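Geometric and topological summary
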Amino acid sequence: MPRVRNWKDLNFYRPAAEMRYRHIDALFGEPGRNVIDWQLIEAHYADVMRVVLSVQEGKISSTTLLRRLSTYSRRNNIYQAFREIGRAIRTVQLLRFLSDAQLRRRTTAETNKVESYNNFSSWCRFGNAGVIAANDPEEQEKILKFSTLMTNAVIFHTTVDMMTVIRELIAEGWQITPADLAALSPYVTARIQRFGVYATDEIALTPEPFNTHLGIDLAAAS
C-alpha cells in the first residue's frame with residue numbers, strides 16, 4: 001500500500017447518496033455528494049475486464065492504455081468507469097490507513113526504504129544530474145537497467161564490507177543483535193568514489209566467495 005501524501009485534501013466517496021456515518025461523515029463532504037456511480041461500473045464491467053486482461057496478457061502496454069483513456073476523458077465512458085473504481089478503492093484504502101496505526105507505521109517504514117533506495121540510485125547516477133535526455137524508449141530502458149545494475153552492485157559491495165566488519169567484531173567478543181543490524185543501511189555514500197579507481201594491478205585478483213553466515217540468530221528477533 002503506498003503512503004498517501006496530503007490525504008486530508010482528498011475526497012472520500014460514499015457508496016450511496018443516503019449513506020451517513022456517525023463519527024466520520026464530515027470526511028465525505030456534503031450529504032448527497034461524492035457518491036460512487038456503481039451503475040456506470042456495472043454497465044462497463046465487461047469493457048473494464050477486457051482492458052485489464054489485455055494488460056495482463058501483454059496485448060497493450062500501460063503507457064498506451066493511459067494515453068488512450070486520458071483522451072477526451074469526459075466523453076470516454078471506460079475512463080469514467082475506471083475513475084469510479086479508483087475512487088472506491090482509494091476511499092477504502094484511506095479509511096484503512098486512518099483506522100489502523102500499525103498499518104500506517106508499516107507503510108511509512110517500507111516507503112522510507114524505497115525512497116532511500118531511489119535517492120541512493122540517483123546519487124550513483126551522477127551523469128547529467130541523473131536526467132535521462134534520450135527520447136528513445138529503448139535507450140531510456142537501457143539507461144534505467146544499467147543504473148539499477150550499478151546501484152545494486154554498489155549496495156552489494158557495501159553489504160559485503162559491512163558483514164566483514166561485523167564478523168570481526170563478533171570474533172573480538174562484541175555482541176551484535178538483530179536490533180543493531182536493523183539500524184544499519186547499505187546506502188552509505190561517504191567512502192564511495194563514483195568516478196572509480198583505475199588500479200590495473202587488481203584486475204587479475206579473484207574476489208573471495210560470498211559468505212552469507214553472520215553468526216547472529218535473526219529468527220529469535222521475529
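Read on for an overview of the structure. The structure displayed is predicted, hence computed values, not measured ones. (Residues numbered from 1 in each chain as written. Predicted model: local features only at pLDDT ≥ 70, side-chain atom pairs only at ≥ 80, totals over all residues. Heavy atoms only, no water.)

So, the pattern of salt bridges
- Evaluation of the coordinates by the stated rule reveals eight salt bridges.
- One salt bridge connects Arg-14 with Asp-25, and the closest N-O pair in it is separated by 2.7 Å. Placement of the pair is Arg-14 in the segment before helix H1 (38-43) and Asp-25 in the segment before H1, with a sequence separation of eleven residues. A single burial state applies to Arg-14 and to Asp-25, both of which are buried. (Salt bridge = Lys/Arg side-chain N within 4 Å of Asp/Glu carboxyl O. Helix = DSSP H or I, 4+ residues; strand = E, 2+ residues; numbered from the N terminus. Buried < 20%, exposed > 50% of the residue type's maximum accessible area, 1.4 Å probe, protein only.)

Side note on the layout of surface pockets
- Taken as a whole, the largest pocket holds about 1,000 Å³ of empty space.
- Looking at the largest pocket, it is lined by 30 residues, and the ones nearest its centre are Ala-153, Val-154, His-157, Thr-158 and Asp-161.
- For the lining of the largest pocket, the secondary-structure elements that each account for two or more residues are helix H5 (101-124) and helix H6 (137-171).
- No other element matches the twelve residues that H6 contributes to the lining of the largest pocket.
- Along the lines of polarity and charge, the residues of the lining of the largest pocket split into 18 nonpolar, six polar and six charged.
- There is about 290 Å³ of room inside the second largest pocket.
- Thr-159, Met-162, Met-163, Ile-166, Leu-181, Ala-182, Ala-183, Leu-184, Ser-185, Pro-186 and Leu-214 together form the lining of the second largest pocket.
- Of all the secondary-structure elements, those providing two or more residues to the lining of the second largest pocket are H6 and helix H7 (178-182).
- Among the elements that line the lining of the second largest pocket, the one with the most residues is H6, at four residues.
- Classifying every residue of the lining of the second largest pocket by side-chain character gives nine nonpolar, two polar and no charged. (1 Å grid on protein atoms, 1.4 Å probe; cavity = no way out; pocket = protein on both sides within 12 Å on 5 of 7 lines; lining within 4 Å. Points joined across faces, edges and corners; volume = space filled by probe spheres on them. Nonpolar A, V, L, I, M, F, W, Y, C, P; charged D, E, K, R; others polar.)

Overview of the side chain of Thr-107
- Counting through the fold element by element, Thr-107 comes out in helix H5.
- With relative accessibility at 5%, the residue Thr-107 sits in the buried group.
- In this structure the side chain of Thr-107 is engaged in a polar contact, spanning 2.8 Å, whose partner is the backbone oxygen of Leu-103. (Polar contact = N/O pair within 3.5 Å; in protein donor to acceptor, adjacent residues only side chain to side chain.)

Brief notes about the packing of aromatic side chains
- Overall, the coordinates contain six aromatic pairs when judged by the stated rule.
- Centroid distance Phe-120 to Tyr-187: 5.7 Å. Interplanar angle 35 degrees. Geometry classified as tilted. Remark: Tyr-187 occurs in the segment after H7 and Phe-120 occurs in helix H5; sequence separation between them is 67 residues.
- Note on Tyr-187: relative accessible area 26%, which makes it partly exposed.
- Taken together, the ring pairs connect Tyr-117, Phe-120, Trp-123 and Tyr-187 into an aromatic cluster. (Phe/Tyr/Trp six-rings, centres within 6.5 Å; stacked < 30°, edge-to-face > 60°.)

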